[in-house]
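# Topology and contacts: notes
The lines below spell out each chain.
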Amino acid sequence: MEPRRITDSVQWMGAVDWDRRLFDSLIPLPDGTSYNAYFIKASEKNVLLDSADPAMSTVLLSQLEGIDRIDYVISQHAEQDHSGSIPAVLSKYPAAKLISSVKAKSMLTDLLRIPEDRFVTVEDGETLSLGNQTLKFIYTPWVHWPETMATYLQEEKILFSCDFFGSHIATSDLFVTDEGRVYEAAKRYYAEIMMPFRNIIKKNLDKLSAFELDIIAPSHGSIHKRPAFILDAYHDWVRGNPKNMVVLPYVSMHASTKLMVDRLLNSLVNRGVRVEQFNLAVTDIGKLAMALVDAATIIVGTPTVLAGPHPLAAYAAFLTNALRPKAEFLSIIGSYGWGGKTVEVLAGMTPNLKVQVLDPVLCKGLPSATDYQALDNLADTIASLHKEKGFN
Ligand code: FEO
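Treat the numbers as computed from the prediction; the structure is a model and nothing was measured.

### Looking at the overall build of the protein
When you go through the protein residue by residue, the secondary structure sums to 12 helices and 22 strands. The principal-axis extent of the C-alpha atoms belonging to the protein is close to 80 × 40 × 35 Å. Surface exposure of the protein reaches about 16,100 Å², of which carbon and sulfur atoms provide 52%. Between the averaged position of the 38 positive side-chain charges in the protein and that of its 45 negative side-chain charges there is a distance of 4 Å.

What follows is the structure, given as structure tokens:
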């Protein structure tokens, strides 16, 4: 795609990656993504803000043809999907300086071997005059790496936010047009990489509330012309109470655990509790992560296999532990053949979760009437706890 006008001074550059389906060899990208770079032409200086994934360097370089001078390249975040084409840009513009946060400098050096003499580091809150335009650098750590910063173009009231407020969508929409679609993708992105850091993200949101914003321009997905849409969503995700909802990831080998899952789901629904159920053998882990943003309770359904939880349940527990969702209650249900340490193993895998553990319901073989009653009791307990806490 060719460069696109945002304002008289700012152009979108970068690459739309329509075909990418996996990020970090982990995160599904059902809608592809984009690597947004921004070119700012001011009266005295030309700036390129971020770059593109190295696999798409040629796209960015072709957009830069005809631009004979770049004074500053700004790296807001050292991860290679934004910084990976910076060496090629610096090579094309030998006089350009690379601006980064202090922490990013060492990371960019480690990751891309950029020479020391190309760097200019900036402190939190520092400004840089470009002539008729001014940039202010705002450290926004842990969205999701420690070195990340945002950049505010003061005269245009544009916040360049990098991963923060971004969404993995490949689209020809320069600006957000379908907020429902972007909400889903932005929530998925938040859930997958930012949720573990939500306490720091709260501070970053507070910090940004001091700025008047006309546009938020992230480094993935479309640009926000209505910043309140994405800011409100983030406030809910990081600050909102858990919702009256159970996330129920499960795996079943011979249908006994599935019978238990079905019973618990029905019991919960009958008691007014929403349920999001995921069959771990086929689920999109991004969808599971999104459900974890809101859930008040997590119930893992797993058979006992090889004396412990099914490996897919262990994977889900490991991932959930890493994502540190705000859920307050946790339990385990499942069937076993002769014995094992399923509960102990799963409990040992989730030390980060600040949850009250509810009595697990394990049954031998096919669930009996007593087991079904125990599942109904578990649903009673969950519904009461959610009510007591005022989750809705
Ligand atoms: Fe889009 Fe953390 O890189």
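### Some points on the pairing of strand 12 (residues 149-153)
Each regular strand carries side chains that alternate between the two faces of the sheet. For strand 12, a buried count of 5 out of 5 residues is recorded, marking the element as mostly surrounded by other parts of the structure. Burial along strand 12 is two-sided: the residues M149, T151 and L153 and A150 and Y152 are all buried. One ladder, built from 5 bridges, connects strand 11 (residues 134-139) with strand 12; its direction is antiparallel. Directly across from F137, in strand 12, lies its bridge partner T151. Both strand 12 and strand 13 (residues 158-162) contribute to a ladder of 3 bridges, which runs antiparallel. Note that in strand 13 the partner of T151 across the bridge is F160. Linking strand 12 back to strand 13 in an antiparallel pair, the connection comprises 4 residues, with K157 at a positive phi of about 55°.

### Remarks on the packing of aromatic side chains
Within the structure shown, the criterion is met by 10 aromatic pairs. Aromatic pair Y38 and F160: ring centres 5.0 Å apart, planes at 50°, arrangement tilted. Highlighted residues: Y38 in strand 5 (residues 33-41) and F160 in strand 13, separated in sequence by 122 residues. In this pair, the class of Y38 matches that of F160, namely buried. Here the aromatic residues F164, F165, Y183, Y190, Y234 and W237 are joined through ring pairs into a cluster of three or more. Taking NZ or CZ as reference, K225 lies 4.2 Å from the ring centre of F175, over its face.

### Section: the packing of helix 6 (residues 198-208) against helix 7 (residues 227-239)
Where helix 6 meets helix 7, the axes come as close as 9 Å, and the angle between the chain directions of the two elements is 145°. Here helix 6 runs over helix 7; the crossing is left-handed. Residues R198, I201, K202, L205 and D206 of helix 6 form the contact with helix 7, whose participating residues are L231, Y234, H235, W237, V238 and R239. Of the residues that constitute the contact of helix 6 with helix 7, the class distribution is 6 nonpolar, 1 polar and 4 charged.

### Thoughts on the packing of helix 5 (residues 179-194) against helix 7
The interhelical angle for the contact between helix 5 and helix 7, taken along N-to-C directions, is 40°, at an axis separation of 11 Å. On the basis of the axis angle, helix 5 is oblique to helix 7. By crossing handedness, the relation of helix 5 to helix 7 is classed as right-handed. Across from E179, V182, Y183, A186, K187, Y190 and M194 in helix 5, the residues of helix 7 making contact are F229, I230, A233, Y234, D236, W237 and V238. Here the residues of the contact of helix 5 with helix 7 sort into 11 nonpolar, no polar and 3 charged.

### With respect to unusual backbone geometry
Look at S25: it is not a glycine, yet its phi comes out positive at around 50°. The residue S25 is located in the loop between strand 3 (22-23) and strand 4 (27-28) in this model.

### A look at the side chain of Q133
Within the secondary structure, Q133 is located in the loop between strand 10 (127-129) and strand 11. Of the polar contacts made by the side chain of Q133, one reaches the side chain of S9; its length is 2.8 Å.

### A closer look at the environment of G301
With respect to the helices, strands and loops of the structure, G301 is situated in strand 17 (residues 295-301). Residue classification places G301 among the buried residues on the basis of a relative accessible area of 0%. Along the backbone, G301 and N279 are 22 residues apart, and their C-alpha atoms lie at a distance of 9.3 Å.

### Things to note about the pattern of salt bridges
All chains considered together, the criterion is met by 19 salt bridges. Its salt-bridge partner being K105, residue E116 comes within 2.8 Å of it at the nearest N-O pair. With E116 in the loop between helix 4 (102-112) and strand 9 (119-122) and K105 in helix 4, this residue pair connects regions lying 11 residues apart in the sequence. The exposure class of E116 is exposed, given its relative accessible area of 56%. Between D284 and R188 there is a salt bridge, and its shortest N-O distance comes to 2.8 Å. Highlighted residues: D284 in the loop between strand 16 (274-279) and helix 9 (285-294) and R188 in helix 5, separated in sequence by 96 residues. Sharing partners across several salt bridges, the network here consists of K187, D236, K243 and D294.

Calculation rules
- Residues numbered from 1 in each chain as written.
- Predicted model: local features only at pLDDT ≥ 70, side-chain atom pairs only at ≥ 80, totals over all residues.
- Heavy atoms only, no water.
- Helix = DSSP H or I, 4+ residues; strand = E, 2+ residues; numbered from the N terminus.
- Areas by Shrake-Rupley, 256 points an atom, 1.4 Å probe, with all protein chains shown as cover.
- Lys, Arg positive; Asp, Glu negative; His and termini not counted.
- Charge placed at Lys NZ, Arg CZ, Asp CG, Glu CD.
- Buried < 20%, exposed > 50% of the residue type's maximum accessible area, 1.4 Å probe, protein only.
- Pairing = 2+ DSSP bridges.
- Phe/Tyr/Trp six-rings, centres within 6.5 Å; stacked < 30°, edge-to-face > 60°.
- Lys NZ or Arg CZ within 6 Å of the ring centre and 35° of its normal.
- Axes fitted to C-alpha atoms, helices over the stretch in contact; angles between N-to-C directions.
- Left-handed = near helix turned anticlockwise from the far one by under 90°.
- Contact = heavy atoms within 4.5 Å.
- Nonpolar A, V, L, I, M, F, W, Y, C, P; charged D, E, K, R; others polar.
- Parallel < 35°, antiparallel > 145°, perpendicular 65-115°, else oblique.
- Polar contact = N/O pair within 3.5 Å; in protein donor to acceptor, adjacent residues only side chain to side chain.
- Salt bridge = Lys/Arg side-chain N within 4 Å of Asp/Glu carboxyl O.

None of this, on its own, says anything about what the molecule does.
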